[in-house]
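# Structural overview
So you can see what is in the structure, the chains are spelled out below.
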Amino acid sequence: SSLPSCLVGPPTRAFKTFFSSTEVDHPTTMGDEEKNPFTVLVCGGGNGAQVATAMYAARYSTIAVSLYADEAAKWKAALGDDDYELTLDTGKVIKSRPDDITNDPSVAAKADAIVLAVPSFAHGQYFEAFEPYIKKDTVIACMPARSGGDILLAAKLGKKADDVIFVGFETLPWACRFTEWGRKATILGTKGSILAAVTPPAKTPKAFSVLQGCLGVFPNCTVSPNNLGISLRNPGAQIHPGVMYGRWCPEKWDGNPVDEKPLFYQGVEEFSESVLLGLTNEVQLIRQKMEEMVPGLDLGDAGTLHQWYLDCYGGQMTDDSSLRACMNTNPGYRGLTHPCKEADGGKFVPDLKYRYLSEDVPTGLCFNKGLGEILGIDMPMTDKVLLWAQECIGMKIMVNGKMSGPDIVKTRAPQATGIHTLDEFLKVSKIDKAAVAAEAASQQPKAEKKAPAEGEDQNPYCVLVCGGGNAAQVATAMFSARYSTIAVSLFADEAAKWKAALGDSEYELTLDSGKVLKSRPDDITNDPSVAAKADAIVLAVPSFAHGEYFEAFAPYMRKGCVVACMPARSGGDILFASKLGEKAKDMIFMGFETLPWACRFTEWGKKATILGTKGSILAAVTPPSKFPQAFAIMQGSLGVFPHVTESPNNLGISLRNPGAQIHPGVMYGRWCPEKWDGQPVAQKPLFYQGVEEFTESVLMGLTNEVQAIKKKMEEMIPGLDLKDACTLHQWYKDCYGGQMTDDSTLKACMNTNPGYRGLTHPCVEAGGMFMPDLKY
């Protein structure tokens, strides 16, 4: 008989290539919880940098670094001893304080991640200043990267660049503003999704966990296959210089002041459109040539300007039939004018040193021209705009048609770092022809990919947390610090008791980072109809209760809801499908292998502490094509740790379930009729450390039978990836590797695992002796 497609489904391209392929880093899941030290540096002192600092400092060790004049000292003085107050577009308010605000680049030695929220012309200054101190595996993210950010990093860091992880974002995540400089800011809107590429691509899982965890649920970080695609996609490299040239070049402007500031985007007419089309078509020639020279190279994100508008502003423009129509009818552009300076008589002249030329030409247009020159592509429109623009900004970049002027070193052109051949370019870009060809040959279908939204919106998001135990209260407190959160307990009167215990107070959650979150859920209830509000539902209840919640929520759940079980145990997706019926096809089920944290109440219903967090955690999504969306939601909710590591399908999670084998197997091994006479015992036997030869044989029988299921499934469904359904012995080595003094056998792993020291069988007292609790 055939299995339903929702159960197995084909592995998706984004799944395989970026998160679960054996060709990428796939961290083993941690069997125990630790305090995961994490420090993030935020570079800059503007709107974006202060917002990022306040957001990250709420949960992590955060240091703000500004190398611009005395900006750091001014910010530090403005904040004083107070917390920074950040108002989110969800309506929540975060109060936090960075560990430091400094201009000392040596703090890079402490950083696990460095986020640059500074103008692109300053990136090189920060890279150069951090180079002596930066440590291996640091994630370095530029928001935005503009063009050639990965190449600039390689030039400034030298050999060290081989040991760090570069992430190029297409744009900033938010629209934001100060309400009181250095002390308060507001996020006006957040992008729904944002493109980002990682160099080297094998590090994408780690980089995305770190950055999605820092940013939160929105924007959804969307994988772009390589930083070259991000570079060639850069719209500012074409739009800003192109529109400026179209209005102020000698063919269109006589040099005299004008009566009013011309409209910038909405003023684009036939001539300016022809300039923009020339620039974008020349970028397409670069794309085509690169894809010819490197078979399998995916530059799909480097689309035309017209396609960029359709991707980013689709549905917002009243006419999207042409590039000019898109720009003229985009409501977000209404009233925006050319950058101008006042002249005599109340008239205006163009500001030809504005960032549209002074930044976007060196860091964007020059990259395009430089790469085109390496590839031998004729770029007449780019040449025309560049020659005019370099005069405007007082630079000599292109001389006699070549990127060889004295100011070339101040640009992002590949020639600025001594790159003059395609092989040199590919080496620095970490584009391996053989690896690219091999990946393309796998011909895996692509996962669903949201088009990045250029406009910022207030993204409504509501999460339900099910349960009232340790984990449910921790999740509720964590999520409600940033999002609309409703706690739901269907167990007896638990919801009413929790609501009464909390009263009008905030819940206080102490993280394992030492930070304290104070938050309050929107409601604590036993009413399942609140599922109608949910974008995500997180079940942190015992697995036997999952069906009760699924059944109760079924009438109310809305399409596209992400339902995550922590943990899912075995067959969670099948139970979900049976309880929701046809509705299950419209939902996204996410099965986690285990809980993310070790945690405890310090005051029931009011305070809790996270003792440790797993470094990584396996999770699978049904249907698999929805993994990117589910990952963004859950990694963004949980934070940087645990890294959500994708498992190809929920069948792998089900068969991997160690509790299904270890707990019944060890209980049988000690208390079955062959081993126990039914009489009380003098002391509670050790559970894991008491495993001996007979019990090991039981466990080996169970795990080998699971392997037989795995083998049969893989035979019946060619290509089905059940690698995570490993043996118990392998599971111990994956999860506790390095902690056990002897891992040569399954018994040795269990006997010598220090986390199991002293743990005994569940027993009940019987006249001063003990009987097994066989209903445990």
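Residues numbered from 1 in each chain as written. Predicted model: local features only at pLDDT ≥ 70, side-chain atom pairs only at ≥ 80, totals over all residues. Heavy atoms only, no water.

The next subject is unusual backbone geometry. Between T199 and P200 the backbone carries a cis peptide bond, its omega angle lying at 0°. Residue placement: P200 occurs in the loop between strand 11 (193-199) and helix 6 (204-215). Residue P219 is bonded to the preceding F218 through a cis peptide linkage, with omega at -5°. Assignment of secondary structure puts P219 in the loop between helix 6 and strand 12 (220-223). Look at N400: it is not a glycine, yet its phi comes out positive at around 55°. (Helix = DSSP H or I, 4+ residues; strand = E, 2+ residues; numbered from the N terminus.)

With that out of the way, let us pick up the nonpolar core. Within the largest apolar cluster, 92 residues are counted, with the highest numbers of intra-cluster contacts made by Y56, F169, M590 and F592. In terms of residues, this core owes the most to one element, helix 17 (residues 470-480), which gives 7 residues. Setting aside residues no more than four positions away along its own chain, Y56 makes contact with V40, V42, T62, V115, M143, W174, C214 and L215. (Core = buried A, V, L, I, M, F, W, Y, C linked by side-chain atoms within 4.5 Å. Buried < 20%, exposed > 50% of the residue type's maximum accessible area, 1.4 Å probe, protein only. Contact = heavy atoms within 4.5 Å.)

Strand order in this open sheet of 8 strands is 19-16-15-20-21-22-25-26, and the pairing throughout is mixed. Each end of this open sheet is capped by a strand with a single partner; those strands are strand 19 (523-525) and strand 26 (643-646). Across this sheet, the average inter-strand angle for adjacent strands is 25°, counted without regard to direction. Note that strand 21 (residues 562-565) and strand 22 (residues 588-592) share 4 bridges and pair parallel. Residue pairing in the sheet places C565 in a bridge with G591 of strand 22. (Pairing = 2+ DSSP bridges. Axes fitted to C-alpha atoms, helices over the stretch in contact; angles between N-to-C directions.)

On to the sheet that holds strand 24 (residues 607-613), then. The 4 strands lie next to each other as 18-17-24-23, forming an open sheet whose pairing is mixed. In this open sheet, the two edge strands, each paired with only one partner strand, are strand 18 (516-519) and strand 23 (597-603). The mean angle between the axes of side-by-side strands here comes to 20°, regardless of whether they run parallel or antiparallel. As paired elements, strand 17 (residues 507-510) and strand 24 share 3 bridges and run parallel to each other. Counted as the bridge partner of E508 is K607 from strand 24. Docked against the sheet, helix 17 engages strand 17, strand 18, strand 23 and strand 24, running at close to 90° with respect to strand 23.

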